[in-house]
Protein chains: 2
Amino acid sequence: MVTGTISLDEAQALVRAVATELSEAHASSTERCALADSLGRILAAGYRSDGPWPSTDRSAMDGFAVATGGAGPRASEEFPVVGRSLAGQPFVGALEPGNAVRIMTGGVVPEGADTVVRVEDTSGFDDTSGSEERVSITADVEAGANIRPQGSEVEEGAVLLNPGDLVGPAEIGALAVLGQAEVEVVRRPVVRIVSTGDEVVDLTETPKPHQVRDSNSWSVQALAERSGATGERLGIANDVEEELEQMFSRGLEADVLVTIGGVSKGTHDLVHSTLEKLGVQTVFHGIAMKPGKPTYFGRRAREGRRDCLVFGLPGNPQSTYATFQMLVVEALSILNGAAPRAELQAHAAGVPWRSNWREQVVPARLRAQEDGRLVVELARLKPSGDPFGLLDGTVFARVPGEAAPEETKVLRVVGGEGPR
Amino acid sequence: MVTGTISLDEAQALVRAVATELSEAHASSTERCALADSLGRILAAGYRSDGPWPSTDRSAMDGFAVATGGAGPRASEEFPVVGRSLAGQPFVGALEPGNAVRIMTGGVVPEGADTVVRVEDTSGFDDTSGSEERVSITADVEAGANIRPQGSEVEEGAVLLNPGDLVGPAEIGALAVLGQAEVEVVRRPVVRIVSTGDEVVDLTETPKPHQVRDSNSWSVQALAERSGATGERLGIANDVEEELEQMFSRGLEADVLVTIGGVSKGTHDLVHSTLEKLGVQTVFHGIAMKPGKPTYFGRRAREGRRDCLVFGLPGNPQSTYATFQMLVVEALSILNGAAPRAELQAHAAGVPWRSNWREQVVPARLRAQEDGRLVVELARLKPSGDPFGLLDGTVFARVPGEAAPEETKVLRVVGGEGPR
């Protein structure tokens, strides 16, 4: 257990270290899913080319494949056209020297042919009959031109996709080329979410003046989904030890338990003591960041299984959101076996901000300027209890604490969906 | 119908103009979905604050709410503590002048109290008894400090979310605060996808040397999903008029029909003639871009319904993918009523590229440098038939045709998932 208040960088390093340790002991299990369902998943297996690509010599152009014996056709040469090689209907047999076949892009280059001449460099196609008797070449063409030779793009057995790769549309296309109707992916980590607090009511209720609707468990569920996990909302626990204990116990069966609220050090903050009672070992409690100071991180040992990671996030909406983005996302990418999320660097623009003793994590927007500079526009600072303050940003900018102005011209930026 | 070959910018403008015209005549219908399912959808309605926020005066800190009569408490002043205001258990009644209550962050500031003093600026909490008899102030505090007044963050009726907004985790949180268990969203446009070509076989088959597995319909389906649409793969049509006609007819019932392959001007390219026969009106056929030159765009009128948009994309994997990103995505964002996708500007880095007469659209990766410059790394150019060439990029860089070197230092960048 780390005592005292640590920096956000230190907190992130601890989360990564624990998640890595657990993953090395017990990697996430894998499962097969249909190709169309694999979008956004993380590959659990590597995939290699099942043959050379192209699988045979192919034409890169519409035109004529000619057999010159290797010298390459010259302007004004003429060839008899003895057949056609269309994409779906190859020319059958070998091409005799001095002959040509009409060939379309992607068509198999017949045995014996050594060069493809683009239709633009010939007397052209006869579109009336659909087949020519002869073709004249109108430009000198290098031997071997316009042919994609067998295996020139991808060798048989070449590694195309690796475990840990995120499946996007391009990966789906590649997996289809490889004939993979099903794909081996990492099982999504399960994040169970418990909202705590006597003042928190379900969204279907009309809150009394001192109450608030539970919104954090919904945004955390969505953030978990965006991070490649499954979010399960267990409900709202009142600040009563038995209620917390019962819900936390269920949460501790998942890969990750996220509790919301009740971690600051007040009278009614039973979250920490209940977690300890349930055998959760504290890694840290308190980060020098704003918002998010009272954030808690721990782990719970389990017989024969990977430990459960436990995040106690503060309950102000901006605090919950920011600490999830900064800490829980780091853990989930490691449990998923995926590449770690990178931080960006961007020029600070716009609204002034304070640089007090704690690092601040501020909702912001990225913008790519016409001159190619990446600019981050910090949202107007709002109280961390304002549940709508997050609508002003798609990323978070990290403003260092106690920083000189020149240290804050370029800021670290995390999360979100990139510049728009 | 536009004759001749147009630029990519002109093609995009035509797609936007037609999609806008159709949307203005018949907007997409809307539907209600459960809050948890609304992630990634486009709002069809605006949402306003259903009350002031905060709903009452709230404490921004753990500490003591004091009734000073308006002057603000001074260092060494002492107040009797007459009760507590916790987040879920407000102090009942009004606070008499000269009295204090213990108050926790988010707690309702009692009537009569004018200032909250942070616990750090007092003699502190008595954690043994859980309630103090008296509290001493240890620093001068401004009147009104540490109170979030009712309505100071959001006024009742303030517009928080607008039609066309993309629902992300922050929007889900905001909708939960507003008590929206169901959300009004735009019905996803349906994109029907037909692969064409005698050489194309299903991914479950082992292709003969002259054949290729259908991969484009899979990547297009994934791209459609990423663009907020539903992709429906209708299958593979051979280059036979009856087969094309039958599948295209089914496709023309959707919002968008995407055909893949068979649009270049060869003997067996029946796609265009079949579309015309089915009443599709050509908007353009041919773009000065590489890859993607033979791309076709048209529209089909329908009785009492919005026209179907028809995209005939070329069949080389890189061509299909690039033309979808450049053109179909533009149409889908308009049908969705969403904000148009913006282009970025980034510094070109890395691999050299050719600048021939046509604009080139090159798979690339974005990287934010430590100095805050956004850099785009172009992938090594690969033949557009290489189905794995797209794995080298997450975005497309637009390299202008016939450009002087200084015109290509900063490139336009489109699509993908932002810098990583």
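Refer to the preceding data block for the structure.
In short, a report on the structure. (Residues numbered from 1 in each chain as written. Chains lettered and ligands numbered in written order. Predicted model: local features only at pLDDT ≥ 70, side-chain atom pairs only at ≥ 80, totals over all residues. Heavy atoms only, no water.)

As for the side chain of B:His210
Within the secondary structure, B:His210 is located in the loop between strand S13 (200–201) and strand S14 (212–213). Overall, B:His210 belongs to the buried group, its relative accessible area being 14%. Within the structure, the side chain of B:His210 is placed 3.4 Å from the backbone oxygen of A:Gly88, a separation counted as a polar contact. What B:His210 contacts, discounting residues up to four positions off in sequence, is A:Arg58, A:Ala87, A:Gly88, A:Gln89, A:Pro90, A:Val108 and B:Glu199. (Helix = DSSP H or I, 4+ residues; strand = E, 2+ residues; numbered from the N terminus. Buried < 20%, exposed > 50% of the residue type's maximum accessible area, 1.4 Å probe, protein only. Polar contact = N/O pair within 3.5 Å; in protein donor to acceptor, adjacent residues only side chain to side chain. Contact = heavy atoms within 4.5 Å.)

So, the packing of helix H1 (residues 8–25) of chain B against helix H6 (residues 317–335) of chain B
All names here are of chain B. At a minimum axis separation of 9 Å, H1 and H6 run at an interaxial angle of 25°. Considering their axes alone, H1 and H6 lie roughly parallel with respect to each other. Viewed along their axes, H1 and H6 form a crossing whose handedness is right-handed. Taking contact as the criterion, the partners of Leu8, Ala11, Gln12, Val15, Arg16, Ala19, Thr20 and Ser23 in H1 are, on H6, Met326, Leu327, Glu330, Ala331, Ile334 and Leu335. Along the lines of polarity and charge, the residues of the contact of H1 with H6 split into 9 nonpolar, 3 polar and 2 charged. (Axes fitted to C-alpha atoms, helices over the stretch in contact; angles between N-to-C directions. Parallel < 35°, antiparallel > 145°, perpendicular 65-115°, else oblique. Left-handed = near helix turned anticlockwise from the far one by under 90°. Nonpolar A, V, L, I, M, F, W, Y, C, P; charged D, E, K, R; others polar.)

Quick notes on the interface of chain B and chain A
Contact with chain B, which involves 88 residues of that partner, is made by 87 residues of chain A. The contact between chain B and chain A buries some 7,000 Å² in all, and 66% of this surface belongs to carbon and sulfur atoms. In terms of surface lost to chain A, no three residues of chain B exceed B:Pro169, B:Phe388 and B:Leu391, which account for 9% of the buried area on that side. Between the two partners, chain B and chain A, sit 2 salt bridges. Our count for the chain B to chain A interface comes out at 18 residue pairs in polar contact (both at pLDDT 80 or more). Contributing elements (two or more residues each) for the side of chain B that touches chain A: strand S10 (159–161), helix H2 (169–177), S14, helix H3 (216–226) and strand S21 (344–350) of chain B. Here the element with the most residues in the side of chain B that touches chain A is H2(B); it accounts for 8 residues. For the side of chain B that touches chain A, the class distribution of residues is 41 nonpolar, 27 polar and 20 charged. (Buried area = accessible area lost by both parts, 1.4 Å probe. Salt bridge = Lys/Arg side-chain N within 4 Å of Asp/Glu carboxyl O.)

Examining the pairing of strand S6 (residues 100–103) of chain A
All names here are of chain A. Neither face of S6 is left uncovered, since the one carrying Ala100 and Arg102 and the one carrying Val101 and Ile103 both have all their residues buried. Sheet topology note: the strand S4 (residues 63–66)/S6 ladder contains 4 bridges and is antiparallel. Across the sheet, Val66 pairs through a bridge with Ala100, a residue of S6. As judged from the 3 bridges shared by strand S5 (residues 78–85) and S6, these two strands associate in the parallel manner. Counted as the bridge partner of Val81 is Ala100 from S6. (Pairing = 2+ DSSP bridges.)

Points about the pattern of salt bridges
Side chains that carry opposite charge are capable of pairing whenever their charged atoms lie near each other. Summed over all chains, the structure comprises 54 salt bridges over all chains. For A:Asp255, the salt bridge is made with A:Arg187, and the minimal N-O distance between the two is 3.3 Å. Remark: A:Arg187 occurs in the loop between strand S11 (182–186) and strand S12 (190–196) and A:Asp255 occurs in the loop between helix H4 (241–251) and strand S16 (256–260); sequence separation between them is 68 residues. Classification of A:Arg187 by relative accessible area gives partly exposed; the value is 25%. Among the ionic pairs, B:Arg16 bridges to B:Glu330, the shortest N-O distance being 2.9 Å. Of the two residues, B:Arg16 sits in helix H1 while B:Glu330 sits in helix H6, which places them 314 residues apart along the sequence. By relative accessible area, B:Glu330 is classed as buried at 5%.

So, the environment of B:Glu77
Residues and elements named next belong to chain B. Structurally, Glu77 is set in the loop between strand S4 (63–66) and strand S5 (78–85). For the pair Glu77 and Asp140, spaced 63 residues apart in sequence, the C-alpha to C-alpha distance is 9.2 Å. When near neighbours in sequence (up to four residues on either side) are disregarded, Glu77 contacts Gly72, Val135, Ser136 and Ile137.

Considering the relation of the copies chain B and chain A
When chain B is fitted to chain A, the best match, at an RMSD of 0.1 Å, comes from turning it 180° and sliding it 0.0 Å along the axis. The transformation relating the two chain copies, once decomposed into turn and shift, fits a two-fold axis. Looking at the interface residues of chain B, 99% of them are also at the interface in chain A, so both copies use one shared face. (Least-squares fit on C-alpha atoms with pLDDT ≥ 70 in both.)

Some points on the packing of aromatic side chains
Counted under the stated rule, the structure contains 10 aromatic pairs over all chains. On the numbers, 5.4 Å between centres and 55° between planes, the contact of A:Phe64 with A:Phe125 is tilted. With A:Phe64 in strand S4 and A:Phe125 in the loop between strand S7 (115–118) and strand S8 (134–136), this residue pair connects regions lying 61 residues apart in the sequence. For the pair A:Phe64 and A:Phe125, a shared accessibility class is recorded, and that class is buried. Measuring from centroid to centroid gives 5.8 Å for B:Tyr321 and B:Phe396, while their planes differ by 55°, and the two rings are tilted. Note that B:Tyr321 is positioned in helix H6 and B:Phe396 in strand S24 (residues 395–399), a separation of 75 residues in sequence. Accessibility assignment for this pair places B:Tyr321 and B:Phe396 in one class, buried. Taken together, the ring pairs in this structure connect A:Phe284, A:Phe297 and A:Phe311 into an aromatic cluster. The ring of A:Trp218 carries the charged tip of A:Arg233 above its face, separated from the ring centre by 3.6 Å. (Phe/Tyr/Trp six-rings, centres within 6.5 Å; stacked < 30°, edge-to-face > 60°. Lys NZ or Arg CZ within 6 Å of the ring centre and 35° of its normal.)

A few points about the sheet that holds S4(A)
Residue and element names in this part refer to chain A. Spatially, 5 strands are ordered S7-S4-S6-S5-S8 in an open sheet, and the strand pairing comes out mixed. A single partner strand is all that each edge strand has here, and the edge strands are S7 and S8. This sheet shows a mean twist of 40° between the axes of neighbouring strands, independent of strand direction.

A few points about H2(B)
Taken across its 9 residues, H2(B) has 9 buried, putting it largely inside the fold. Of all the residues in H2(B), the buried ones are B:Pro169, B:Ala170, B:Glu171, B:Ile172, B:Gly173, B:Ala174, B:Leu175, B:Ala176 and B:Val177. Here the buried face of H2(B) lies against strand S14 (212–213), helix H3 (216–226) and helix H6 (317–335) of chain A together with strand S2 (47–48), S10 and strand S11 (182–186) of chain B.

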